[in-house]
Amino acid sequence: MRPIVLSGFMATGKTSVGRRLAARLQLPFVDTDEELERAAGKRIADLWREEGEASFRQREVDLVERLFAEAGPRVIAYGGGTVTSRRARHLALERATTISLTAAPETAVARASASGTERPNLAVGGDPIARARELLEARAQAYAEAHATLATDGADMEALVDAIIAVVARDPIVVPLGTRSYIVDVVNDSPATLTDAIAGAAPSSLIVVTDAHVQRDRHEHVAAALGALAIPQTTVTLPAGERHKTIASVATIWDAALGAGVDREALVVGLGGGVVGDLAGFAAASLLRGVRSLLVPTTLLAMVDASVGGKTGFDHPVGKNLIGAFHQPTAVVVDLAHLATLPARERNAGLAEMVKVALTSDAELFAELERNAAAAARGDADVLLPMIRRALEAKVRIVRDDERETGSRALLNLGHTIGHALEAHGGYRTLLHGEAVALGTVAELAAAARLGLTPQPLVQRTQRLLTRLGLPASPSRGEVGASWSFVGSDKKRLAARIRLPVVSAPGESRVESVALEAFRTAALGALD
Ligand SMILES: NC(=O)c1ccc[n+]([C@@H]2O[C@H](COP(=O)([O-])OP(=O)(O)OC[C@H]3O[C@@H](n4cnc5c(N)ncnc54)[C@H](O)[C@@H]3O)[C@@H](O)[C@H]2O)c1
Ligand SMILES: [Zn+2]
């Protein structure tokens, strides 16, 4: 079990709920304010007055770092402003289950004055309720980044504790993007998780977007989840495959949604692989200038990559994904049960994106893939589940730090510059996206090795891993050369240079600007 962090504004009940929760779970309880007072031998109000806010926040971060470095689960009540420090907030999200407690400003101020504790930050300006509102507004983005948010006004203590324990058991992943944060549930055969996720969004109607294969193979599971909802539903079944990731498919979704009379509270549910997810997400981004989307990835590739991060769009004859929008989903439900009907070739294609994210930012995941390659290639759900979570967590960190790909998110394009070209050159018929990424990863690593940017042995090591995962791993010089014209239209190209993800060791990477011509020469020279 991970630690549990209770966050939220002052006097929202963090300490009292925390003590009760700790007692119920028989865990130690730590209140960061009390801990800081004890360590300093001074009251918070005095620390605040003597040192100022910045230095007080640093004390909090140091304490939180120490708490997470120590082993063992416990309940930790953060101070009201602790999560305004990025580091304290991210540690809580990555290492703990974080619950934001809320209360109306009037309630918080009344509770605060009843407790008798001096609150220097509330005293600023002389009107405590106005100050509470001001602080709540300033901190809204930080408080929204949590595994769950629970209102404590008039709530029953035992019910709150029950609700927190339920979130801990569910163990979701948070994509922390301020007030646009969302939850990714990772489960195995739990249609009720989807039912709950949709019900939690309280939509006025559902537009369920899927494709013909998913409709044929996943119908029962989906009916079990959606049948439990009393919400008007319209299903759009698109023809399957990358060839149909077109504006025409988007128009089919628009037509169905508008025909059903959707309003702004509608929810587009993308039920399928990355193609359906990208199309459904784009339709949601554009319908009525933006309605919410919820993604239910049914391929391994979409589970570990496409469903998280908010990239949506469709292909153009000139190249892949050339038209689109950023539109984060409102929730994602990853249910491994869907993999049962996914052809092995498609499943393995998803492993290529896992290798990609491991190479760029998670050495331990790379090692796990190497250890469990045979079981992963067989589709063993027990082995895949923790690796899917890990891959998602790695992607989430990258998206969190660079949502719009102005910097480090470009690392996720590893293998995609050449991969997309190979895919386009084959007319999207010969190679699956993940297979093209596997070949592209090897070709790009080999080119980088030739440029002295990647150690040569890592190229062979990656080839061996991809091969064991059932993926093509020997790009041919002829094919790469023949597809090069498609590299020229790639979005990642800036004039005559390209922003290339470069891996120096598993999990360690950076983006380098490389001259396109030098890259081409290196890539072709490195292949046989
Ligand atoms: N938005 C992003 O960040 C992002 C990231 C990576 C990839 N992508 C996009 O994702 C697409 C590739 O996604 P994909 O590999 O999932 O392809 P896909 O959506 O075409 O699905 C692959 C095939 O499997 C079928 N299928 C899906 N789930 C099934 C199931 N459970 N049982 C049986 N059949 C099933 C589909 O009908 C299709 O024929 C590409 O277009 C790529 O650009 C997007
Ligand atoms: Zn991809």
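In this text, all values refer to a predicted model and were calculated from it rather than measured experimentally. (Residues numbered from 1 in each chain as written. Chains lettered and ligands numbered in written order. Predicted model: local features only at pLDDT ≥ 70, side-chain atom pairs only at ≥ 80, totals over all residues. Heavy atoms only, no water.)

Chemist: So what's going on with the environment of leucine 36? Which residues, and what values?
Modeler: Within the secondary structure layout, leucine 36 lies in helix H2 (residues 32-40). The class of leucine 36 is buried, set by a relative accessible area of 6%. Note: C-alpha distance between leucine 36 and leucine 47 (11 residues apart in sequence) is 9.3 Å. (Helix = DSSP H or I, 4+ residues; strand = E, 2+ residues; numbered from the N terminus. Buried < 20%, exposed > 50% of the residue type's maximum accessible area, 1.4 Å probe, protein only.)

Chemist: Give a detailed account of the domain arrangement of the chain, specifying residues and quantitative values.
Modeler: According to the domain assignment, the chain consists of domain 1 (4-171), domain 2 (180-342) and domain 3 (403-526). One C-alpha centre belongs to domain 1, the other to domain 2, and the line joining them spans 36 Å. (Domains from an automatic or database assignment.)

Chemist: An account of the pattern of salt bridges is needed here, citing residue identities and associated values.
Modeler: Throughout the structure, instances matching the rule amount to 41 salt bridges. The closest approach of N and O atoms between aspartate 46 and arginine 49, which form a salt bridge, is 2.8 Å. Of the two residues, aspartate 46 and arginine 49 are both situated in helix H3 (residues 44-51); the distance of three residues between them amounts to about one turn of the helix. Take arginine 49: its relative accessible area is 51%, and that puts it in the exposed class. Linked by salt bridges that have partners in common, Arg2, Asp171, Arg389 and Glu393 make up one network. (Salt bridge = Lys/Arg side-chain N within 4 Å of Asp/Glu carboxyl O.)

Chemist: Lay out the packing of aromatic side chains in plain terms, naming residues and giving numbers.
Modeler: Using the criterion set out here, one finds three aromatic pairs in the structure. Look at tryptophan 48 and phenylalanine 56: their rings are 5.4 Å apart centre to centre, the planes differ by 65°, and that puts the pair in the edge-to-face class. There is no split in this pair, since tryptophan 48 and phenylalanine 56 are both buried. (Phe/Tyr/Trp six-rings, centres within 6.5 Å; stacked < 30°, edge-to-face > 60°.)

Chemist: Lay out helix H15 (residues 344-361) in plain terms, naming residues and giving numbers.
Modeler: With 18 residues, H15 should cover 26 Å at 1.5 Å per step; its first-to-last C-alpha distance of 26 Å lies within 8% of that length. Of all 18 residues in H15, 14 are buried, a share of seventy percent or more. (Expected span 1.5 Å × (residues − 1).)

Chemist: Explain helix H8 (residues 128-144) residue by residue, including any values.
Modeler: Here H8 is 17 residues long and its end C-alpha atoms lie 22 Å apart, about the 24 Å a rise of 1.5 Å per residue gives. Maximum bend of H8: about 50°, positioned at alanine 138. For H8, the complete set of buried residues consists of Arg131, Ala132, Leu135, Arg139, Ala142 and Tyr143. On the buried face of H8, the contacting elements are strand S1 (4-8), helix H4 (53-69), helix H5 (86-95), strand S4 (97-102), helix H6 (105-115) and helix H7 (120-123). (Bend = angle between axes of the 7 residues up to and from the residue. Contact = heavy atoms within 4.5 Å.)

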